[in-house]
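Residues per chain are reported as follows:
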Amino acid sequence: MALNPQYDAIGRGFVQQYYTLFDDPAQRANLASMYNVETSFMTFEGVQLQGAVKIMEKLNALTFQKIGRIVTSVDSQPMFDGGVLINVLGRLQCDEDPPHPYMQTFVLKPLGDSFFVQHDIFRLGIHDIA
């Protein structure tokens, strides 16, 4: 498979679609279709999960209702298998908590005419060193 020349548009479009669903608690369950039942991996704040069911259990267990998100940058790279590597840098505020920087990295793998999230790593930029 060759490098996908549309990698930047794919990355930006995916990020917009993903966060539109994630940021609306009523729509968050629809993220399940973006993950593979067995071959998707997520690391959420250091907790590693495998498979769409476990990933969605984690996402659905999040208790915040209101999300304020600013996406600072979306950097994408093509992969030799036709996939796309995406890195997101931004700021996140949940409910009445103070805003925090965050970084999220996705690897999209081709599946027919579409993609699924094979890897998803999320980390808040909180530096507790005490």
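Scroll up for the structure.
Figured I'd write up the structure that's included with this text. (Residues numbered from 1 in each chain as written. Predicted model: local features only at pLDDT ≥ 70, side-chain atom pairs only at ≥ 80, totals over all residues. Heavy atoms only, no water.)

1. Points about the sheet that holds strand E3 (residues 67-78)
Here is step 1 of the chain: Spatially, E2-E1-E6-E5-E4-E3 is the arrangement adopted by the 6 strands of the open sheet, whose pairing is mixed. The outermost strands of the open sheet, each flanked by one partner alone, are strand E2 (47-50) and E3. Each adjacent strand pair in this sheet contributes to an overall mean axis angle of 20 degrees, direction not counted.
Here is step 2 of the chain: Set on the sheet, helix H1 (residues 7-22) makes contact with strand E1 (41-44), E3, strand E4 (84-94), strand E5 (100-111) and strand E6 (114-124); between it and E3 the angle comes to about 155 degrees. (Pairing = 2+ DSSP bridges. Helix = DSSP H or I, 4+ residues; strand = E, 2+ residues; numbered from the N terminus. Axes fitted to C-alpha atoms, helices over the stretch in contact; angles between N-to-C directions. Contact = heavy atoms within 4.5 Å.)

2. Considerations on the packing of aromatic side chains
Here is step 1 of the chain: Overall, the coordinates contain 9 aromatic pairs when judged by the stated rule.
Here is step 2 of the chain: For the pair Phe 14 and Phe 106, a centre-to-centre distance of 4.8 Å together with 80 degrees between the ring planes defines the contact as edge-to-face. Taken as a pair, Phe 14 in helix H1 and Phe 106 in strand E5 lie far apart in primary sequence, 92 residues in all.
Here is step 3 of the chain: Ring centres of Phe 44 and Phe 122 lie 5.0 Å apart, and the angle between their planes is 15 degrees; on these two criteria the pair is classed as stacked. Residue Phe 44 is located in strand E1, and its partner Phe 122 is located in strand E6; the two are separated by 78 residues in the primary sequence. (Phe/Tyr/Trp six-rings, centres within 6.5 Å; stacked < 30°, edge-to-face > 60°.)

3. Looking at the layout of surface pockets
Here is step 1 of the chain: For the largest pocket, the calculated volume is near 280 Å³.
Here is step 2 of the chain: Surrounding the largest pocket, 20 residues form its lining, Phe 64, Leu 92, Cys 94, Phe 122 and Leu 124 being those nearest its centre.
Here is step 3 of the chain: Elements with a contribution of two residues or more to the lining of the largest pocket: H1, E4, E5 and E6.
Here is step 4 of the chain: Residues of the lining of the largest pocket, tallied by class, amount to 12 nonpolar, 4 polar and 4 charged. (1 Å grid on protein atoms, 1.4 Å probe; cavity = no way out; pocket = protein on both sides within 12 Å on 5 of 7 lines; lining within 4 Å. Points joined across faces, edges and corners; volume = space filled by probe spheres on them. Nonpolar A, V, L, I, M, F, W, Y, C, P; charged D, E, K, R; others polar.)

Note that every value here comes from positions in space, so none of it alone points to a role or purpose.
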